[in-house]
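The residues making up each chain are set out below.
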Amino acid sequence: MKFNNRNIHLSASAKIGKNVRIGDNTIIYDNVTIGDNTIICNDCVIGEPTNAFYHDKNYKNEATIIGPNSLIRSHTIIYSGCNLGAGLNTGHRVTIRENTCTGQECLISTLVDIQGNCSIGNFSRLYSNVHVGQLTKIGNYVFVFPYSIFTNDPLPPSNNLKGASVDDYSIIAVHSVILPGISIGKHTLIAANSTVTRNVNDFTMVAGNPAKPIKDIREQINKLTGKSHYPWPYFFDRGMPWEGKDYDKWLTKNP
Amino acid sequence: MKFNNRNIHLSASAKIGKNVRIGDNTIIYDNVTIGDNTIICNDCVIGEPTNAFYHDKNYKNEATIIGPNSLIRSHTIIYSGCNLGAGLNTGHRVTIRENTCTGQECLISTLVDIQGNCSIGNFSRLYSNVHVGQLTKIGNYVFVFPYSIFTNDPLPPSNNLKGASVDDYSIIAVHSVILPGISIGKHTLIAANSTVTRNVNDFTMVAGNPAKPIKDIREQINKLTGKSHYPWPYFFDRGMPWEGKDYDKWLTKNP
Amino acid sequence: MKFNNRNIHLSASAKIGKNVRIGDNTIIYDNVTIGDNTIICNDCVIGEPTNAFYHDKNYKNEATIIGPNSLIRSHTIIYSGCNLGAGLNTGHRVTIRENTCTGQECLISTLVDIQGNCSIGNFSRLYSNVHVGQLTKIGNYVFVFPYSIFTNDPLPPSNNLKGASVDDYSIIAVHSVILPGISIGKHTLIAANSTVTRNVNDFTMVAGNPAKPIKDIREQINKLTGKSHYPWPYFFDRGMPWEGKDYDKWLTKNP
C-alpha cells in the first residue's frame with residue numbers, strides 16, 4: 001500500500017542500510033546515513049541543508065545520521081548535522097533542526113519543533129507540538145506533554161541565549177513554559193500550564209504562573225490505588241528498558 | 001488552476017463518489033470511501049495506515065469514510081478507521097488519527113491534531129492548532145478556539161487514560177487546557193488561557209489557572225447592545241442549521 | 001543538491017523574477033509575482049486560492065506578490081491576495097492567508113499561522129507557531145515569540161471581530177494571549193504566558209493572567225551588565241537597519 005517508489009529524490013552520497021523503506025515524494029539530501037530496517041515515510045525531507053546553503057557556493061552538507069530500526073512518519077523534516085539514535089519514532093510534520101542529538105528509543109511526536117543544537121537522552125518522549133529552543137538539554141526517560149515550550153533568551157531580543165535543562169524521569173505536563181537557563185531536577189512533575197521561572201529540585205511538583213512548589217511528587221496519590229504513583233517507573237514500563245522486569249533490579253544493573 | 005491530476009496515488013480499492021476532485025500529489029490508500037462532490041486538495045494523505053501496518057504482514061487498512069460535500073484542504077492527513085460526516089471542512093495540515101468520528105458540517109481548522117478514538121458531534125468547530133487527546137468527546141455546536149488542549153492522562157505517564165467531554169453549545173476560548181476526565185456542561189464559556197481542573201456546570205463561565213466560576217454566561221453583556229450575548233444561538237447563526245430562522249422555533253422542532 | 005526542477009507546477013500567468021529558484025514539488029498558481037533572487041523551497045504552495053475558488057466558476061486568483069531577495073522555506077502555503085515585502089524569510093510549514101501585507105525584512109518562522117487581512121510592518125519577527133487572527137496589526141521591529149496568539153472575537157462566536165494591534169519595538173514572550181481589540185504600545189514587554197486583557201502603555205512590562213503592569217521596561221536589568229537591557233535597540237542589532245551603526249544617529253535619520 002505504502003512505499004511505491006514514486007517521486008523519490010535520493011542523493012548519490014546517501015548511505016542507505018539494509019531493509020530500509022522510503023516513502024513516496026520523500027527527499028534525501030547529501031551525506032545522509034540511514035540505519036538498517038529504518039522506515040522513512042512519505043513526503044519527508046532528510047538532511048535539509050542549513051541556512052548557509054543558500055549563500056555559500058562551497059557549502060557541504062553536514063553528516064546526518066538516523067539510527068537503525070527507526071520510524072520517521074510522513075512530512076517530517078530533519079536537518080543536516082543531526083545524529084538521531086536507534087529506534088527513533090516520530091509523528092508527522094516533525095521539524096528537527098541542525099546539530100540535534102537524540103539517544104536511543106526516543107519518541108518525537110507530531111508537529112514537534114526542535115530548534116537545533118539540542119540534546120535529548122534515551123527513551124525520552126516529546127508529545128505533540130512541543131517546542132524545544134536552541135541549547136536545551138533533556139535527559140533520559142523524560143516525558144514532555146503537548147505544547148510545552150523550552151525558551152532560551154532571558155532578555156529578548158539578545159544574543160546571550162541560555163538553554164534550559166531537564167534531568168532524568170521528569171514529567172512536564174501540557175502547555176508549560178520553561179524559562180531560559182532553568183534547571184529542572186530528576187523525578188519532578190511540572191503541572192499543566194505552569195510557567196517555570198525558578199529551578200526545580202528533585203522529586204518536586206510545581207504548578208502555577210509563576211510555578212511554585214506544591215508537594216513532594218511521592219505524595220501524589222493515585223485515586224484508584226490509594227498509593228503514590230511516583231516515582232512512576234514502578235507503575236509504568238511500556239516501551240521502557242525495564243519493561244516486564246522489576247524496576248529496582250533493573251536499576252541496580254543500570255545505575 | 002488547481003486539480004491538474006499530477007502525481008496522484010489512488011488505491012485500486014478506494015471508492016470515489018461523483019464529482020470528486022483530487023489535488024496534485026495526494027495519496028489515497030486502501031479502503032477509502034469518498035462521498036459525492038467532495039474535494040480533496042493537494043498534498044493530502046487519506047487512509048493513512050495505523051502503526052500495525054509497519055509490523056504486521058497481514059495488515060488490512062480499516063475503512064475510512066469521508067462524507068459528501070466535504071472540503072479537505074491541502075496537506076491534511078486522515079488515518080484509516082475514521083468516519084467523517086457530510087460537509088466536513090478542514091484547514092491545512094490537519095491530522096486526524098484512527099477511529100475518529102465526526103458528525104455533519106464540522107470545521108476542523110489548520111494544524112488541528114486529533115489523536116484518535118475521539119468523537120465530535122454535528123456543526124462543531126475546532127479552530128487552528130487545537131489538540132484533541134484520545135478518548136475526548138465533543139458535542140454539537142461546540143466551538144474550540146486556537147491552541148486549546150484536551151488531555152487524558154491523570155497521572156502521567158500511566159495506562160489509565162480518561163478523556164474529557166464537552167456538551168452542546170459550549171465555547172472554549174484560546175490556549176485553554178482541559179484536564180483528563182473533566183466534564184464540561186452545555187452553554188458554558190471557558191475564558192482564554194484557562195486551566196480547567198474541575199467539572200463545569202451548564203451556563204457557567206470559568207476563567208483562570210486553576211479555572212474558577214466567574215458568572216452565569218447569560219450575564220455576559222455585549223457592550224454594543226447592552227444585552228447578553230448568550231445563549232449565543234440567538235445572536236449567531238452563520239453555518240448553523242437555524243441560519244436565517246428563528247432559533248426558538250428551530251429548537252422546538254429539533255429538541 | 002536542492003532545486004532539481006522535479007515535479008514543479010508553475011502557472012502560465014506567474015511572473016518569475018531573475019535568479020529565482022523553485023524547489024521540487026512546489027506549486028505556483030495563477031497571478032503570482034516573485035521578485036528577483038527569491039528562493040522558494042520545496043513543497044510550497046504560492047497563490048493558494050481563497051474559498052471562493054471552490055464555488056465560483058468565474059473565480060480569478062487575486063495577485064500574490066513576494067518581494068525580491070526572499071527565502072520561503074519548504075512546505076509553506078501563501079494565499080492569493082498577499083503582498084509580502086522584500087527580504088522576507090520564512091520557516092517551514094508557514095500558512096499566510098489572503099490579503100496579508102508584510103513590510104521589508106520580516107521573519108515568519110516555522111508553523112506560524114496568519115489568518116488573513118493582517119498587516120505587519122518592517123523588520124518584525126514572528127517565531128514558531130505564532131497565531132495571528134484576522135484584522136491584527138503588527139508594527140515595525142516587533143518580536144513575537146513562540147505560540148503567542150492574537151485573538152479577534154470579543155464574544156465568541158460573533159460576527160463583530162476586532163483585531164489587536166502592537167506598536168513598534170514591542171516584545172511579546174512565549175505562550176501569550178492578546179485579547180480582541182487590545183492596543184499594545186511601543187517598547188512594551190509582555191512576559192511569558194501572559195493573558196493581555198487591557199491596553200498596554202508604552203514602555204510597560206506586563207505579566208500574569210490577567211496581565212498586570214509590573215514595571216517600566218527600562219527598569220528591567222541585564223544581570224550580566226547591571227544595566228537596563230531596554231530599549232533593546234541599543235543592545236541588539238542583528239538584522240536590524242541600524243546594524244553596526246549608532247542607534248541614536250540612525251533614529252535621528254529615520255524618525
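Residues numbered from 1 in each chain as written. Chains lettered and ligands numbered in written order. Predicted model: local features only at pLDDT ≥ 70, side-chain atom pairs only at ≥ 80, totals over all residues. Heavy atoms only, no water.

1. Some remarks on the overall build of chain A
Part 1: The helix and strand inventory of chain A stands at one helix and 32 strands.
Part 2: Over its C-alpha atoms chain A spans a radius of gyration of 19 Å, differing by no more than 12% from the 18 Å that the globule rule assigns to 255 residues.
Part 3: Once the C-alpha set of chain A is aligned to its principal axes, its extents read approximately 55 × 45 × 30 Å.
Part 4: Of all 255 residues assigned to chain A, the portion counted as buried reaches 62%.
Part 5: Restricting to contacts in chain A with at least 6 residues of sequence separation, those with at least 24 account for 24%.
Part 6: Taking the average location of the 24 positive side-chain charges in chain A and that of its 20 negative ones, the two points are 3 Å from each other. (Helix = DSSP H or I, 4+ residues; strand = E, 2+ residues; numbered from the N terminus. Rg over C-alpha atoms; globule rule 2.2 N^0.38 Å. Buried < 20%, exposed > 50% of the residue type's maximum accessible area, 1.4 Å probe, protein only. Contact = heavy atoms within 4.5 Å. Lys, Arg positive; Asp, Glu negative; His and termini not counted. Charge placed at Lys NZ, Arg CZ, Asp CG, Glu CD.)

2. Points about the sheet that holds strand β8 (residues 64–66) of chain B
All names here are of chain B.
Part 1: Judged by pairing direction, the sheet is parallel, and its nine strands sit side by side in the order β2-β5-β8-β11-β14-β17-β20-β23-β26 without closing on themselves. Two strands in the sheet have a free side with no partner beyond their single neighbour: β2 (15–16) and β26 (183–184).
Part 2: Relative to strand β23 (residues 165–166), strand β20 (residues 137–138) is paired through two bridges, and the arrangement is parallel. Paired with I138 across the bridge in β23 is V166. (Pairing = 2+ DSSP bridges.)

3. Observations regarding the sheet that holds strand β8 (residues 64–66) of chain C
All names here are of chain C.
Part 1: Read across the open sheet, the nine strands follow the order β2-β5-β8-β11-β14-β17-β20-β23-β26; overall the sheet is parallel. Two strands in the sheet have a free side with no partner beyond their single neighbour: β2 (15–16) and β26 (183–184).
Part 2: Where strand β23 (residues 165–166) meets β26, two bridges bridge the pair, whose relative direction is parallel. Looking at β26, one finds that S165 is bridged to S183.

4. Remarks on the side chain of D168(A)
Residue and element names in this part refer to chain A.
Part 1: Relative to the assigned elements, D168 resides in the loop between β23 (165–166) and β24 (171–172).
Part 2: Despite being buried, D168 has no salt bridge partner; K186 is the closest side chain of opposite charge, sitting 4.8 Å away.
Part 3: Excluding residues that lie within four positions of it along the chain, D168 makes contacts with G139, N140, V142, K186 and H187. (Salt bridge = Lys/Arg side-chain N within 4 Å of Asp/Glu carboxyl O.)

5. Thoughts on the interface of chain C and chain A
Part 1: Between chain C and chain A, the contact holds 42 residues from the first and 46 residues from the second.
Part 2: When the two sides are added together, the surface that chain C and chain A hide from each other amounts to roughly 3500 Å², 57% of it contributed by carbon and sulfur.
Part 3: The interface formed by chain C and chain A includes one salt bridge.
Part 4: With a closest N to O distance of 2.8 Å, K2(C) and E48(A) form a salt bridge.
Part 5: Between chain C and chain A we count 22 residue pairs in polar contact (both at pLDDT 80 or more) in total.
Part 6: Here the side of chain C that touches chain A is built from residues that sort into 18 nonpolar, 16 polar and eight charged. (Buried area = accessible area lost by both parts, 1.4 Å probe. Polar contact = N/O pair within 3.5 Å; in protein donor to acceptor, adjacent residues only side chain to side chain. Nonpolar A, V, L, I, M, F, W, Y, C, P; charged D, E, K, R; others polar.)

6. Details of the pattern of salt bridges
Here the idea is simple: oppositely charged side chains can pair when their charged atoms come close.
Residues and elements named next belong to chain B.
Part 1: Scanning the entire structure with this criterion turns up twelve salt bridges over all chains.
Part 2: Two residues, R97 and E98, come together in a salt bridge whose shortest N-O distance is 3.2 Å.
Part 3: With relative accessibility at 24%, the residue R97 sits in the partly exposed group.
Part 4: Between D216 and R218 there is a salt bridge, and its shortest N-O distance comes to 2.8 Å.
Part 5: Judged by its relative accessible area of 25%, D216 falls in the partly exposed class.
Part 6: Residue R218 is classed as partly exposed on the basis of its relative accessible area, which comes to 40%.

7. With respect to the pairing of strand β29 (residues 204–207) of chain A
All names here are of chain A.
Part 1: Across two bridges, strand β27 (residues 189–190) lies against β29 in parallel orientation. Within the sheet, the bridge partner assigned to L189 lies in β29 and is M205.
Part 2: Alignment of β29 against strand β30 (residues 212–216), held across four bridges, turns out to be antiparallel. Looking at the pairing, M205 lines up with K215 of β30.

8. Observations regarding the interface of chain A and chain B
Part 1: At the interface, 42 residues of chain A touch 47 residues of chain B.
Part 2: Across the chain A to chain B interface the summed buried area is about 3400 Å²; carbon plus sulfur atoms make up 57%.
Part 3: Contact with chain B buries surface across chain A, with M1(A), R93(A) and Y147(A) losing the most and accounting together for 21% of the total.
Part 4: Here chain A and chain B share one salt bridge between them.
Part 5: In terms of residue class, the side of chain A that touches chain B is made up of 18 nonpolar, 16 polar and eight charged.

9. Section: the relation of the copies chain C and chain A
Part 1: Each copy of the sequence occupies a distinct position, and chain C is placed on chain A by a rotation of 120° and an axial shift of 0.0 Å, giving an RMSD of 0.0 Å. Overall, the copies show the geometry of a three-fold rotation axis. (Least-squares fit on C-alpha atoms with pLDDT ≥ 70 in both.)

10. Remarks on the pairing of strand β7 (residues 45–48) of chain A
Part 1: Across two bridges, strand β4 (residues 27–28) of chain A lies against β7(A) in parallel orientation. Each bridged residue has a counterpart across the sheet, and for I28(A) the counterpart in β7(A) is I46(A).

11. Brief notes about unusual backbone geometry
Part 1: Along the chain, P156(C) connects to P157(C) via a cis peptide bond; the corresponding omega equals -10°.
Part 2: Looking along the chain, the bond that leaves Y230(C) and enters P231(C) is cis, with omega of -5°.
Part 3: We note that Y141(B) has phi near 55°; this positive angle belongs to a residue other than glycine.
Part 4: Secondary-structure assignment places Y141(B) in the loop between β20 and β21 (143–144).

12. Quick notes on the environment of I178(C)
Part 1: Relative to the assigned elements, I178(C) resides in strand β25 (residues 177–178).
Part 2: Excluding anything up to four places from it in sequence, I178(C) contacts I149(C), F150(C), T151(C), A164(C), I172(C), I184(C) and V196(C).

13. Quick notes on the confidence of the model for chain A
Part 1: The share of residues in chain A with pLDDT of 70 or more is 100%, and the mean pLDDT across the chain is 97.
Part 2: Taken over the whole predicted complex, pTM reads 0.97, whereas the ipTM for its chain interfaces reads 0.96. (pLDDT = per-residue confidence, 0-100.)

14. Here's the deal with the packing of aromatic side chains
Part 1: Taken as a whole and judged by the stated rule, the model has 66 aromatic pairs over all chains.
Part 2: Centre to centre, the rings of Y141(A) and Y169(A) are 4.9 Å apart; their planes meet at 25°, and the pair counts as stacked. Residue Y141(A) is located in the loop between β20 (137–138) and β21 (143–144), and its partner Y169(A) is located in the loop between β23 and β24; the two are separated by 28 residues in the primary sequence.
Part 3: Residue class for Y141(A) comes out buried when judged on its relative accessible area of 11%.
Part 4: With a centroid separation of 6.0 Å and 65° between ring planes, the pair formed by Y169(C) and W232(C) is classed as edge-to-face. (Phe/Tyr/Trp six-rings, centres within 6.5 Å; stacked < 30°, edge-to-face > 60°.)

15. A few points about the environment of N19(B)
All names here are of chain B.
Part 1: The topology assignment puts N19 in the loop between β2 and β3 (21–22).
Part 2: By relative accessible area, N19 is classed as exposed at 61%.
Part 3: Contact partners of N19, with chain neighbours within four places excluded, come to N37 and T38.
Part 4: Side-chain polar atoms of N19 contact the side chain of N37, separated by 3.1 Å.

16. Points about the state of the cysteines
Residues and elements named next belong to chain C.
Part 1: With the rule as written, the count across this model stands at zero disulfides over all chains.
Part 2: Not engaged in a disulfide, the cysteine C106 finds its nearest cysteine sulfur in C101; these two sulfurs lie 11 Å apart.
Part 3: Overall, C106 belongs to the buried group, its relative accessible area being 2%. (Disulfide = S-S within 2.5 Å.)

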